[in-house]
Amino acid sequence: MRGALIVLGLLAAACTPQQAAPVGLPVPAPAVVAAPAPPPPPPLEIDCAGAFVQGGVVLCRTAPGAAFFVDGEERGAADADGWVVAGFDRDAKPQATLAVRTPAAAKAIDVAIAPRSYRISRINGLPQETVTPSAPEVLARIAQESAAKEEARKSRAPAPGFLQPFAWPVAGIMSSPWGAQRVLNGEPRSPHYGIDIAAPEGTPIVAPAPGIVAMANPDMHFEGGLVMIDHGQGLISYYLHMSRLDVTTGQAVVRGQQIGAVGKKGRATGPHLCWRMRWRDRNLDPSLAVQAMAEARTHFGGGPPLDPGAAPPNFTPWTPAP
Ligand SMILES: [Zn+2]
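Residues numbered from 1 in each chain as written. Predicted model: local features only at pLDDT ≥ 70, side-chain atom pairs only at ≥ 80, totals over all residues.

So what's going on with the overall build of the protein? Residues and values would help.
A tally of helices and strands in the protein yields three helices and 21 strands. Considering only contacts within the protein whose residues lie at least 6 apart along the sequence, 68% involve residues at least 24 apart. (Helix = DSSP H or I, 4+ residues; strand = E, 2+ residues; numbered from the N terminus. Contact = placed C-beta atoms within 7 Å.)

Next comes the structure, spelled out in structure tokens:
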């Protein structure tokens, strides 16, 4: 019955006034053309370049919008041009699996992550309330500030600042390396997830790459003046102990733009910038980003167009002999 109705419908459609055949002649059957088979989807690829080392950051290219996985865990998706950023923690295992998936295909690659050795760094003379806080009002303040940082970490800037080369944010002397095991006032503490760059109080600090200010707080218990810049896809850089902030939360910054000045506020013994970086829940070594992003851009044939932001000064810090 349903088939008959469809045939009647087709006949009715064929008998519109413009297409009516002369009475008595057979209606020509419509030509049947086989639809060409759709081309097979191109094979899904993923290509990555950068620092394949503990604390390192890499840039990958794959199909636009492909879901991205690290060691089987979904970690966002490629942007509209197929770019993805990823990072490896301080204690990352020697091998990681990077995978992408679209509705039509999946692809995984295994990458080797070079191990590093970390120094033990002993720092004495810190205000004890910043090493083992005990006063109830201090503990309440720390809890409130931790919650605010946790919230800021969820920031996901739509602009892909991570596609730009990264610059050093300040001129100075490397005074403490990234990843060192810390002993503060004689007490073992969690590793140092920052690079300390010693510089006189008031020395300008600039944004190393474009982004959105995810947090700007001039006075925190541990961090002192803190700025967090979201570079997109969960890549967020941190600037601690600042004496002055020149940006506010939510503000867009360009590469080379001054965001504040060096200070010694919070848990610090002298003026320096503690520069940190995270990718999602992983702690990265920001100094590796400077070289890794430049190498990745070269690997991908120059990379995306350069942001028109201010050209940052060459701030490569001086590293004293160990
Ligand atoms: Zn530090």
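Help me get a handle on the pairing of strand 7 (residues 106–112), residues and values and all.
Relative to strand 7, strand 6 (residues 95–101) is paired through seven bridges, and the arrangement is antiparallel. Considered in strand 7, the bridge of R101 is made with A106. Between strand 6 and strand 7, which pair antiparallel in sequence order, lie four residues. (Pairing = 2+ DSSP bridges.)

An account of the sheet that holds strand 8 (residues 120–123) is needed here, citing residue identities and associated values.
Hydrogen bonding along the main chain pairs the strands of a sheet, whether they run parallel or antiparallel. Pairing is mixed across the open sheet formed by three strands, whose spatial order is 8-10-11. Sheet topology places strand 8 and strand 11 (187–189) at the edges, where each strand pairs with a single neighbour. Between one strand axis and the next, the sheet turns through 25° on average, direction left out of account. Bridge count between strand 10 (residues 181–184) and strand 11: three bridges; the pairing is antiparallel. (Axes fitted to C-alpha atoms, helices over the stretch in contact; angles between N-to-C directions.)

Please give an account of unusual backbone geometry that cites residues and values.
Phi angles above zero are rare outside glycine, and D71 is one such case at about 50°. The topology assignment puts D71 in the loop between strand 3 (67–70) and strand 4 (73–77). Even without glycine at this site, R280 takes up a positive phi of about 55°. Mapped onto the fold, R280 is located in the loop between strand 20 (272–279) and strand 21 (282–284). The class for R280 is partly exposed, based on 18 C-beta atoms found within 10 Å. (Buried ≥ 20, exposed ≤ 12 C-beta atoms within 10 Å, placed from the backbone.)

Describe the sheet that holds strand 6, with residues and values.
Strand order in the open sheet made by the four strands is 4-3-6-7, with antiparallel pairing throughout. The sheet is open, and its two edges are formed by strand 4 and strand 7, each paired on a single side. Neighbour-to-neighbour, the strand axes of the sheet open up by a mean angle of 25°, direction not taken into account. The pairing of strand 3 with strand 4 spans three bridges and is antiparallel. Across the sheet, the residue bridging to A67 is A77, located in strand 4.

Quick rundown of helix 2 (residues 136–153)? Include the residues and the values.
Helix length check: helix 2 (18 residues) gives 26 Å between terminal C-alpha atoms against 26 Å at 1.5 Å per residue, within 8%. Of all 18 residues that make up helix 2, zero are buried, and the element is exposed over most of its length. (Expected span 1.5 Å × (residues − 1).)

Explain the nonpolar core to me, using residue names and the numbers behind them.
One finds V57, V170, I205, V227, Y239, L273 and A289 to be the most contacted residues of the largest nonpolar core, which totals 68 residues. Sequence-distant contacts of V227, that is, excluding residues within four places in its chain, are made with V213, A216, Y239, M242, L245, V247, I259 and G260. (Core = buried A, V, L, I, M, F, W, Y, C linked by C-beta atoms within 7 Å.)

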